Amino acid sequence: MELISVLVAALGGFAIGAVWYMTLSKPWMAAAGIECDENGKPKGGGSPLPFVVSAICMILVSGMMRHMFAMAGIDGAGQGLVAGLGVGLFFIAPWIAMNYAFAMRPRNLPIIDGGYAVLGSGLIGLILGAM
């Protein structure tokens, strides 16, 4: 059951990321400095590699969150949601912001990427807690 919950949570995190970045694609590409063609699509895009890496990363994050939840006695959807939001808001988003600050990236980039970290971790926590 643990493997299934990790895979379902990873799928949820991946899916919410797809919705998040489809919704914020234009401001994210502008902040990331990605050049677009005349149709508004990223130049040189189309490689499946980012999606494969993302899927692997979602499985790793979900697996570690499940392990942390088991060690901490986090049980139930509500506790999972709160713990997941905490992971995103207090672990992942600050790390993203720190890296982008040193890279002198535009302010919108860590806001968009950090927002996804919080939302995605919250959903992963919710799913893990509910299963």
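Along every chain, residues carry numbers that run from 1 in the direction the sequence is written. With pLDDT at 70 or above as the cut-off, local features in this predicted model cover only qualifying residues; side-chain atom pairs require 80 or more to be listed or tallied, and sums for whole chains, interfaces and linings still use all residues. No hydrogens and no water enter the side-chain calculation; it runs on all heavy atoms of the structure.

**Student:** Describe helix 3 (residues 49-72), with residues and values.
**Tutor:** In a regular helix each residue adds 1.5 Å, so 24 residues correspond to 34 Å; helix 3 covers 34 Å between its end C-alpha atoms and thus fits that length. Among all positions of helix 3, only Met58, Ser62, Met65 and Phe69 are buried. The elements touched by buried residues of helix 3 are helix 1 (2-23), helix 4 (77-102) and helix 5 (108-130). Where helix 3 ends, the next residue or the one after it, glycine 73, has phi of about 75°, a positive value. Put simply, DSSP marks the helices as runs of H or I at least four residues long and the strands as runs of E at least two long, and each gets a number from the N terminus on. One less than the residue count of a helix, multiplied by 1.5 Å, gives the span that helix is expected to have. Categorising residues by exposure relies on relative accessible area from a 1.4 Å probe, with only protein chains included: less than 20% of the type maximum marks a residue as buried, more than 50% marks it as exposed, and the intermediate range marks it as partly exposed. A contact between two residues is defined here by any heavy atoms of the two lying within 4.5 Å.

**Student:** Would you mind going over the packing of aromatic side chains in detail, with residue names and values included?
**Tutor:** Classification of ring pairs uses Phe, Tyr and Trp, with its six-membered ring standing for Trp, and accepts pairs whose centres are within 6.5 Å; under 30 degrees between planes counts as stacked, over 60 as edge-to-face, and the remaining range as tilted. Under the definition given, this model contains two aromatic pairs. Each ring, one from tyrosine 21 and one from tryptophan 28, has its centre 5.9 Å from the other, and the planes form 75°; the classification is edge-to-face. The class for tryptophan 28 is partly exposed, based on a relative accessible area of 25%. Aromatic side chains tyrosine 21 and tyrosine 116 sit 5.4 Å apart centroid to centroid with 70° between the ring planes, which places their arrangement in the edge-to-face category. A residue pair is termed long-range when its members are at least 10 positions apart, and tyrosine 21 in helix 1 and tyrosine 116 in helix 5 qualify at 95 residues. Ring pairs connect the aromatic residues Tyr21, Trp28 and Tyr116, which therefore count as one cluster.

**Student:** Run through the pattern of salt bridges, naming residues and quoting values.
**Tutor:** For this document, the term salt bridge refers to a Lys or Arg side-chain nitrogen within 4 Å of an Asp or Glu carboxyl oxygen. Scanning the entire structure with this criterion turns up one salt bridge. Here lysine 43 ties to glutamate 35 by a salt bridge, and the two come within 3.6 Å at their closest N and O atoms. Here the two residues lysine 43 and glutamate 35 agree in accessibility, since each one is exposed.

Distances and angles like these do not, on their own, reveal function.
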